[in-house]
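Structural features, examined
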Amino acid sequence: MLRLLNINTFYGEVHILKNISLHIQECEIVTLIGANGAGKTTLLNTISGIVNARSGQIFYQGKDIVRKSADSLVKMGISQVPEGRQIFNPLTVLDNVKLGSYIRYRQEGRKQIQQEIEEVFALFPILRERQGQLAGTLSGGEQQMLAIARALMSRPRILLLDEPSMGLAPRMVTEIFKTIARLRDASKTTIFLVEQNARAALRLSDRGYVMETGKIMFEGATAALLENREVQRAYLGKEKKPIWE
């Protein structure tokens, strides 16, 4: 579904992504882990067109999209939930959700959009309860749910999630990970997950990649990565029960 070949991305003259190659198949959950500053967010931003790669190719459903604009990629089915959520605090929960359908509203109309709002609220019942509340007054976990709900309103084929558990209480982290699992199982959404909670993210995923200083150092099935001594030492820490169980 998505394949990157030798992607190089720079900020000015600083070389951030160095010959990155990876692939994601349809309906997979794939996790990318790595230390802060490794280039994980830059990689997501490069895929979604926020940052331009200087060289390399990105194929999405067989088409090279490396020079496509961010809005055109959303129309094609690639949607990103950014680090830090970046919801519109002064707007209501409902208005934030509606904004996710902005590129589709004129073509598909109010009735279709309203139906999909109901589907999103079925995934996130707490958002239905709080739909008239200002988004900035939600808890951190509720704001993360809202950011995901907003992204789903663009009807993505692949969802890019950047640190969805960041800053959340353990109980809310559990809810977010359960939601990610439901998204793949219920809607067949492909998910590319960047996450600091490495062990939990890998256990949730089908495959994983490990990035260090802009390079992919390890890749493979999550069971193999979880057993890799170097990955254990650098990223996994002490064994814990999967948080979504």
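Just above sits the structure.
The following paragraphs examine the structure supplied in this document. (Residues numbered from 1 in each chain as written. Predicted model: local features only at pLDDT ≥ 70, side-chain atom pairs only at ≥ 80, totals over all residues. Heavy atoms only, no water.)

1. Remarks on a nonpolar patch on the surface
On the surface, Phe88, Leu91 and Leu99 cluster together into a nonpolar patch covering about 230 Å² of accessible area. Position of Leu91 relative to the elements: it lies in the loop between strand E6 (78-81) and helix H3 (93-99). On the basis of relative accessibility, which here comes to 31%, the residue Leu91 falls in the partly exposed class. (Patch = residues over 30% accessible without salt bridge, like charges linked within 9 Å, V, L, I, M, F, W, Y side chains within 5 Å. Areas by Shrake-Rupley, 256 points an atom, 1.4 Å probe, with all protein chains shown as cover. Salt bridge = Lys/Arg side-chain N within 4 Å of Asp/Glu carboxyl O. Helix = DSSP H or I, 4+ residues; strand = E, 2+ residues; numbered from the N terminus. Buried < 20%, exposed > 50% of the residue type's maximum accessible area, 1.4 Å probe, protein only.)

2. Overview of the side chain of Glu28
Counting through the fold element by element, Glu28 comes out in the loop between strand E2 (14-24) and strand E3 (29-34). Only 2.8 Å separates the side chain of Glu28 from the side chain of Arg207, close enough to count as a polar contact. Once residues within four sequence positions are removed from consideration, Glu28 is found in contact with Arg184, Thr189, Thr190, Ile191, Asp206 and Arg207. (Polar contact = N/O pair within 3.5 Å; in protein donor to acceptor, adjacent residues only side chain to side chain. Contact = heavy atoms within 4.5 Å.)

3. A short note on the sheet that holds E3
An order of E6-E7-E8-E3-E9-E10 is seen for the six strands of this open sheet, with the pairing classed as mixed. For this open sheet the edge positions go to E6 and strand E10 (215-221), each flanked by a neighbour on one side alone. Geometrically, the sheet is characterised by an average inter-axis angle of 15° between neighbouring strands, direction not taken into account. Across four bridges, E3 lies against strand E8 (residues 190-194) in parallel orientation. Bridged to Ile29 within E8 is Ile191. Of the strands in this sheet, E6 and strand E7 (158-162) are in contact with helix H6 (residues 140-152), which crosses E6 at around 165°. (Pairing = 2+ DSSP bridges. Axes fitted to C-alpha atoms, helices over the stretch in contact; angles between N-to-C directions.)

4. Points about the pairing of strand E4 (residues 55-60)
One ladder, built from five bridges, connects strand E1 (residues 2-11) with E4; its direction is antiparallel. Bridge pairing in E4 links Leu2 to Tyr60. By the bridge criterion, two bridges tie E4 to strand E5 (residues 63-64) in an arrangement that is antiparallel. Across the sheet, Tyr60 pairs through a bridge with Lys63, a residue of E5. Count of turn residues in the E4/E5 antiparallel hairpin: two residues, of which Gln61 carries a positive phi of about 50°.

5. Things to note about helix H10 (residues 229-236)
Buried within H10 we find Val231, Tyr235 and Leu236. When H10 is viewed along its axis, its buried side chains cluster within an angular range of 70° and face the same direction. Along H10, exposed side chains directed more than 90 degrees from the buried face belong to Arg229 and Arg233. For H10, the N-terminal capping position is held by Asn228, with its side-chain oxygen 2.9 Å away from the main-chain nitrogen of Glu230. (Arc of directions from axis to C-beta.)

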